[in-house]
Amino acid sequence: MTWNGEPGPERPAGTPPARLLKAGLLALLTAIVLPAAASDWQRYGNARFQYWIDIPPGFSKIEEADNGDGAVSASPDGTAELRVWGSYPTASSLAAEAKQRQAFDQRDGWAISYQTQNKSGAAWSGAKENRILYARAIPACDRAVAYFRIEYDRARQKAFDPVISRLVKSFRSGDCRAH
């Protein structure tokens, strides 16, 4: 019976109403929330150095630098900052450039705890006081290098792990043969 006493559809045998309701709500929430979460990321593309990266949900709008090399974006609460830029390395290679930038970070008080280099680029991370940084460098067109660097509060490390994973996956350079 329904709420007004009229006959209603029958439940499958052995299926309690609460279970059906939970399954329906879960399906509805999944259909609404997952596409919205994926669409909250904004794509930033840099025309000068031909690189692209997704900007996390809620981070400030990208305002590109006057010279067109990149931009800065911040979390809504201002405790996290994402920098993206391209440059022509002063060192002999991307690997040498990455080591040089890591040395600059160490000079600035960052304790570098992770670093890797391979043909797809270089990455490093470290900590200073209550802050964490993660940086990545990839080859770009015309022997340039594209970078992203994110800094955030150590207390939010678990929340930022999936953000960094998405940044790494989305960070790409263009087809240099087209230039």
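Structural notes, computed from the coordinates. Throughout, residues of each chain are indexed from 1 in the direction in which the sequence is written. In view of the model being predicted, local features appear only for residues whose pLDDT reaches at least 70, and side-chain atom pairs are presented and counted only at 80 or more, with totals across whole chains, interfaces and linings using the full set of residues. For the side-chain quantities, the full set of heavy atoms in the structure was used; hydrogens and water were omitted.

Structural notes on the environment of Val163
Okay, so step 1: Following the sequence through the fold, Val163 ends up in helix H3 (residues 157-170).
Okay, so step 2: Note: C-alpha distance between Val163 and Ile150 (13 residues apart in sequence) is 9.9 Å.
Okay, so step 3: Any two residues having at least one pair of non-hydrogen atoms within 4.5 Å are treated as being in contact. Once residues lying within four places of it in the same chain are set aside, the contact partners of Val163 are Trp41, Pro56 and Ile150. Helix and strand definitions here come from DSSP, where helices need a minimum of 4 consecutive H or I residues and strands a minimum of 2 consecutive E residues; each element is numbered from the N-terminal end.

Overview of the packing of aromatic side chains
Okay, so step 1: Classification of ring pairs rests on two measures: the distance between centres of Phe, Tyr or Trp rings, Trp counted by its six-membered ring, which must be within 6.5 Å, and the angle between planes, read as stacked under 30 degrees, edge-to-face over 60 and tilted in between. Scanning the entire structure with this criterion turns up seven aromatic pairs.
Okay, so step 2: Here a set of aromatic residues connected by ring pairs shows up, and it is made of Tyr44, Tyr51, Tyr134, Phe148 and Phe171.
Okay, so step 3: To sit over a ring, a charge needs its Lys NZ or Arg CZ within 6 Å of the ring centre and within 35 degrees of the ring normal. Here Arg101 stacks its cationic end above the ring of Tyr147, 4.3 Å away from the centre of that ring.

Comments concerning the sheet that holds strand S4 (residues 70-74)
Okay, so step 1: Spatial ordering of the open sheet is given by S3-S4-S5-S9-S8-S7-S6, a layout of seven strands whose pairing is antiparallel. Since the sheet does not close on itself, it has two edges, and those belong to strand S3 (63-64) and strand S6 (111-118), each with one partner.
Okay, so step 2: Alignment of strand S7 (residues 121-128) against strand S8 (residues 131-139), held across seven bridges, turns out to be antiparallel. Bridge pairing links Ala123 to Arg136 in S8.
Okay, so step 3: Between N-to-C directions, angles cover 0 to 180 degrees, with each direction set by a line fitted to C-alpha atoms, over the stretch in contact for helices. With respect to the sheet, H3 is in contact with strand S5 (81-87), S8 and strand S9 (145-153), its orientation differing from that of S9 by roughly 170°. DSSP calls a pair of strands paired once it identifies at least 2 bridges connecting them.

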